[in-house]
Amino acid sequence: MQAVKVSKRQKQNAGKELLKGLKEMGRSALTGKSFFCFIFRNDKILLKKADNFWIVPSDDIADGESPEHAAAAKTYEQTGLVVNSLEPLGDVLMAYEKSGENNRHVFVFVSQDFSGELKDERQVSWFEKGALPDELPECYKVLLPIVASRKRFTGELYLDSGHSGIGKVLKYSIKEV
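None of these values were measured; they are calculated from a predicted model.

(A) Focus on helix H3 (residues 138-149). Of all the residues in H3, the buried ones are Cys139, Tyr140, Val142, Leu143, Leu144, Ile146 and Val147. Just past H3, the residue Arg150 takes up positive phi, approximately 65°.

In structure tokens:
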């Protein structure tokens, strides 16, 4: 798998689309940036335990840090796997029902090119795509089909509450770009 280059103009256009989506939802600003890193091995996806949920490697992106660096570094910290190649697939606005509550610009990456050993197989594990745990947040159920297709996309997810995509998806829009 070869990583896809995303131009500065494409990133700016995605950012404008996300801000437009925020305004349409009655929101005025993003409160931060995050990433989701979907890692596949054959027909399996890597998930990590977080609280009472199984999620993909994910975290906030620090000011001044590139999304790619954050995804690679924090995926290693969380799983023990070194991501050798990341493919940027999309940008998602995650907004919450309560105004101003943790509205996020989420960069979505996928990888099948990694090395290393899992840190703790009770906390990080491979799951068959057709047999995902019940404790998978709804946002992943929305994103997984387009991520698995490897098509570039942009989207909006509007959730009832929570953080990092954990919450009930009230409505969403995903479109290929």
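Text resumes after the structure shown.
(B) The arrangement of the packing of aromatic side chains in detail. Across all of its chains, the model carries 4 aromatic pairs by this definition. Ring geometry for Phe36 and Tyr140: centres 5.1 Å apart, planes at 55°, overall tilted. Of this pair, Phe36 sits in strand E1 (residues 32-41) while Tyr140 sits in helix H3, and the two are 104 residues apart along the sequence. You'll find Phe36 and Tyr140 in the same group, each marked buried. Taken together, the aromatic side chains of Phe36, Phe38 and Tyr140 make up a single cluster linked through ring pairs. The aromatic ring of Tyr158 is capped on one face by Lys171, whose charged end is 5.4 Å from the ring centroid.

(C) Representation of the environment of Thr154. Take Thr154: it is sitting in strand E8 (residues 153-159). For Thr154, a relative accessible area of 10% corresponds to the buried category. A C-alpha to C-alpha distance of 5.9 Å links Thr154 and Ile174, two positions 20 residues apart in sequence. A polar contact of 3.5 Å, which involves the side chain of Thr154, links it to the backbone oxygen of Asp91.

(D) How the structure looks around the pattern of salt bridges. Scanning the entire structure with this criterion turns up 4 salt bridges. A salt bridge links Lys151 to Glu176, with the shortest nitrogen-to-oxygen separation between them at 3.7 Å. Of the two residues, Lys151 sits in the loop between H3 and E8 while Glu176 sits in strand E9 (residues 169-176), which places them 25 residues apart along the sequence.

Calculation criteria
Residues numbered from 1 in each chain as written. Predicted model: local features only at pLDDT ≥ 70, side-chain atom pairs only at ≥ 80, totals over all residues. Heavy atoms only, no water. Buried < 20%, exposed > 50% of the residue type's maximum accessible area, 1.4 Å probe, protein only. Helix = DSSP H or I, 4+ residues; strand = E, 2+ residues; numbered from the N terminus. Phe/Tyr/Trp six-rings, centres within 6.5 Å; stacked < 30°, edge-to-face > 60°. Lys NZ or Arg CZ within 6 Å of the ring centre and 35° of its normal. Polar contact = N/O pair within 3.5 Å; in protein donor to acceptor, adjacent residues only side chain to side chain. Salt bridge = Lys/Arg side-chain N within 4 Å of Asp/Glu carboxyl O.

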